[in-house]
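Now for the letters of each chain:
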Amino acid sequence: SLSPGTAVTYAYVNGRTFVCYANDDIYEYDAVGDTFLPVTITLPPGLTMADVTGIGSSSNYLILFTLITVYWSSLVDVTDFTPSSITGAGSATPQDVKGAIVAIRGASGGFLIYTIKNAVSAQYTNNARAPFVFKELPNSGGITRPEHVTLDTTSGNQYAWTTSGLLKVNLQSAEPVSGEVNDFLAGRLYNYWDSGTKTLVQQLTTNGDFYIKLALIANRYLVISYTPTIISDIYVFTLAL
């Protein structure tokens, strides 16, 4: 029984699909049975699934993360996180991480770490003993939910709704984009059709900022879904840009 609003993250490694419910468990998709089954993860000493807040993937590694630490799997078995210089499994607490980690997104040549304060790039080194080099992205902002970042794509860029507005992010930089979108969403005004009066009504949300989710379609269309309300603790997005 998961609490409403539990963060859900995904990872795709070597043809395998994993889904993680924050601080609970990890499941793998079974194509034969068309269902998701719990998967046994061999964790490092002292770490439990209650500590794991999400997953990601990059360069044939399955990646787990807690609030401040990232763990990468063995190259022999992606479910094995026992530290080893032979299998390649290991971990790091990047010094540039300035807040709790919210999401990890794979990118060409590494992955990106999104926290509540900033974004950090992890560039792949092709060295199994130290496979990633971490560096903060200047001018990046923080996110509060994994849905605030587009899933990894082949375009080389990701988009994130952050405390610095809408950003285009890659392993080298974080650039502001679409200032008009920032102004519109920050204004908290939305339009809806009143079927009774047959008029288009503009209204100011009274629940604070919009709830937002980003999706990049076919590496061409950026869709920003937003809603002013939550229905029964569930995000139901009724509007989009």
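As the structure is a computational prediction, the values presented were derived from the model and not from experiment.

Calculation notes
- Residues numbered from 1 in each chain as written.
- Predicted model: local features only at pLDDT ≥ 70, side-chain atom pairs only at ≥ 80, totals over all residues.
- Heavy atoms only, no water.
- Helix = DSSP H or I, 4+ residues; strand = E, 2+ residues; numbered from the N terminus.
- Rg over C-alpha atoms; globule rule 2.2 N^0.38 Å.
- Buried < 20%, exposed > 50% of the residue type's maximum accessible area, 1.4 Å probe, protein only.
- Contact = heavy atoms within 4.5 Å.
- Areas by Shrake-Rupley, 256 points an atom, 1.4 Å probe, with all protein chains shown as cover.
- Lys, Arg positive; Asp, Glu negative; His and termini not counted.
- Charge placed at Lys NZ, Arg CZ, Asp CG, Glu CD.
- Pairing = 2+ DSSP bridges.
- Salt bridge = Lys/Arg side-chain N within 4 Å of Asp/Glu carboxyl O.
- Phe/Tyr/Trp six-rings, centres within 6.5 Å; stacked < 30°, edge-to-face > 60°.

Q: Please clarify how the overall build of the chain should be interpreted in this entry.
A: A tally of regular secondary structure across the chain gives one helix and 20 strands. Taken over the C-alpha trace, the chain has a radius of gyration of 19 Å; the compact-globule value for 241 residues is 18 Å, and the two agree within 12%. Dimensions of the chain along its principal axes, counting C-alpha atoms only, are 70 × 40 × 30 Å. Looking at the chain as a whole, 44% of its 241 residues are labelled buried. Contacts spanning at least 24 positions in sequence make up 40% of the contacts within the chain whose residues lie at least 6 apart. Approximately 12400 Å² of the chain is accessible, and the part contributed by carbon and sulfur atoms is 51%. Taken as two groups, the 12 positive and 18 negative side-chain charges of the chain have centres that lie 7 Å from each other.

Q: Which parts of the structure should I look at to understand the pairing of strand 14 (residues 165-169)?
A: Where burial is concerned, most of strand 14 is hidden: four out of the five residues are buried. Sheet topology note: the strand 13 (residues 158-162)/strand 14 ladder contains five bridges and is antiparallel. Residue pairing across strands places T162 opposite G165, the latter belonging to strand 14. What sits between strand 13 and strand 14 in their antiparallel hairpin is a turn of two residues. By the bridge criterion, three bridges tie strand 14 to strand 15 (residues 174-176) in an arrangement that is antiparallel. The residue of strand 15 that forms the bridge with K168 is E175. As consecutive antiparallel partners, strand 14 and strand 15 are separated by four residues.

Q: Sorry, what's going on with the sheet that holds strand 18 (residues 211-217) here?
A: Hydrogen bonds between backbone groups are what pair the strands of a sheet, and the pairing can be parallel or antiparallel. Pairing is antiparallel in the open sheet, where three strands are placed in the order 18-19-20. Two strands bound the open sheet, and with one partner strand each, they are strand 18 and strand 20 (239-240). Where strand 18 meets strand 19 (residues 221-227), seven bridges bridge the pair, whose relative direction is antiparallel. Bridge assignment links L216 to a residue of strand 19, and that residue is L222.

Q: Explain the pattern of salt bridges to me, please; I cannot follow it from the model alone.
A: What the rule picks out here adds up to three salt bridges. With a shortest N-O distance of 2.7 Å, R16 and E28 are connected by a salt bridge. Of this pair, R16 sits in strand 2 (residues 16-21) while E28 sits in strand 3 (residues 25-30), placing them twelve residues apart in sequence. Note on R16: relative accessible area 29%, which makes it partly exposed. Measuring nitrogen to oxygen at the nearest pair gives 3.2 Å for the salt bridge that ties R145 to E147.

Q: Looking at this structure, I do not really get the packing of aromatic side chains. What am I missing?
A: What describes a pair of aromatic rings is the distance from one ring centre to the other and the angle between the planes of the rings. Tallying each qualifying case throughout the model produces twelve aromatic pairs. On the basis of an interplanar angle of 85 degrees and a centroid distance of 5.8 Å, the ring pair of Y21 and Y27 is categorised as edge-to-face. The exposure class assigned to Y21 is partly exposed, which follows from its relative accessible area of 28%. For Y27, a relative accessible area of 22% gives the class partly exposed. Ring centres of W72 and F132 lie 5.7 Å apart, and the angle between their planes is 70 degrees; on these two criteria the pair is classed as edge-to-face. Note that W72 is positioned in strand 7 (residues 70-72) and F132 in strand 12 (residues 132-136), a separation of 60 residues in sequence. For W72, a relative accessible area of 7% translates into the label buried.

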